[in-house]
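# Fold and contact review
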Amino acid sequence: MLLYELDKIEIEILEQLESEDGINQEIYEQLKNAEEEKIVKYAKIFRQMQSDAKACKDEINRLESRKVRLENNAQKLREIMLEGMEMTGLKKIHNSYFDIRIKKNPPSLRIHDEGNIPKEFYKQSAPILDKQALLEAIKSGAKIVGAELIQTKRIDIK
C-alpha cells in the first residue's frame, strides 16, 4: 500500500462514520492505526532522506578536498615550469601540443602596514543586526516595533 492510498482509506472510513448513528469504536481504531502507520512510514522516508543528504555532504567535502589538492598541485607544477624556463633562459616554447611562454602578471598590491594607510581607502560597512541580542531583549520583556517573538512547531524523530 502506498502512502497516498492511505488517504483514500481514511476518507472511506470517515464517510462510514458520518453515515452511521454513532462512532464505531472499531472503525475509529482502524483510522487511528492507519494514520499512525502512515506517520511511521513518513518518518522512515525522512530518516532515509537525512542519511542521503549526509552522504551527499560527505561526498561534496571529499570532492572539494580533492579539488583543492589538484589545484595546489597544478600551481606547484606551474611554478616548477616557470623556474625551469627562467633558469635556462627560455622565454617561450612552441611545439605541436602547446605554446608556453613567460608573461608578466598585471600589477598587484602588497600591504606592508595597514596602520599607515589613510582612512579614505577604507570602505564603511553597513550596520549588522545583532539578532541574538534582539531575541534576548524581547524575551526579557522589551517591546520593540518591527520584531516579535514567535513560537513554531516541529516533528522530533528519535
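For the structure itself, consult the block above.
Across its full length, the protein chain carries 3 helices and 2 strands. Along the protein chain, from the amino end to the carboxyl end, the secondary structure elements read α-α-β-β-α. A separation threshold of at least 6 residues defines the contact pool for the protein chain, and within that pool the share at least 24 residues apart is 27%.

Quick look at the environment of Lys 91 now. Relative to the elements of secondary structure, Lys 91 occurs in the loop between helix H2 (25–88) and strand E1 (92–94). Residue classification places Lys 91 among the exposed positions, given a relative accessible area of 64%. Sequence separation between Lys 91 and Ile 102 is 11 residues, and the spatial gap between their C-alpha atoms is 5.6 Å. If we ignore the near neighbours within four places in the chain, the residues touching Lys 91 are Met 85, Ile 100, Arg 101 and Ile 102.

What follows is about the packing of aromatic side chains. In total, this model carries 1 aromatic pair according to the counting rule given. The interplanar angle of 45 degrees and the centroid separation of 6.5 Å between the aromatic rings of Tyr 97 and Phe 98 together place this pair among those described as tilted.

Residue position: Tyr 122 is located in the loop between strand E2 (99–101) and helix H3 (131–139). Residue class for Tyr 122 comes out partly exposed when judged on its relative accessible area of 33%. With sequence-adjacent residues up to four places away left out, Tyr 122 is seen in contact with Glu 114 and Ile 117.

Another aspect to go through is the pattern of salt bridges. The final tally for this structure, using the stated rule, is 5 salt bridges. Among the salt bridges present, the one from Lys 38 reaches Glu 35, with a minimum N-O distance of 3.7 Å. Linking Lys 38 with Glu 35, this pair stays in helix H2, spanning 3 residues, or about one helical turn. One salt bridge connects Glu 59 with Arg 62, and the closest N-O pair in it is separated by 2.6 Å. Placement of both Glu 59 and Arg 62 in helix H2 is noted, with a separation of 3 residues, approximately one turn of the helix. Judged by its relative accessible area of 44%, Arg 62 falls in the partly exposed class. Here the salt bridges do not stand alone but share partners, grouping Glu 64, Lys 67 and Glu 71 into one network.

Another point: a nonpolar patch on the surface. Taken together, Ile 39, Tyr 42, Ile 45 and Met 49 make up a surface patch of nonpolar side chains, about 390 Å² in accessible area. Turning to its location among the elements, Met 49 is positioned in helix H2. With a relative accessible area of 55%, Met 49 lands in the exposed category.

The rules behind the values
Residues numbered from 1 in each chain as written. Predicted model: local features only at pLDDT ≥ 70, side-chain atom pairs only at ≥ 80, totals over all residues. Heavy atoms only, no water. Helix = DSSP H or I, 4+ residues; strand = E, 2+ residues; numbered from the N terminus. Contact = heavy atoms within 4.5 Å. Buried < 20%, exposed > 50% of the residue type's maximum accessible area, 1.4 Å probe, protein only. Phe/Tyr/Trp six-rings, centres within 6.5 Å; stacked < 30°, edge-to-face > 60°. Salt bridge = Lys/Arg side-chain N within 4 Å of Asp/Glu carboxyl O. Patch = residues over 30% accessible without salt bridge, like charges linked within 9 Å, V, L, I, M, F, W, Y side chains within 5 Å. Areas by Shrake-Rupley, 256 points an atom, 1.4 Å probe, with all protein chains shown as cover.

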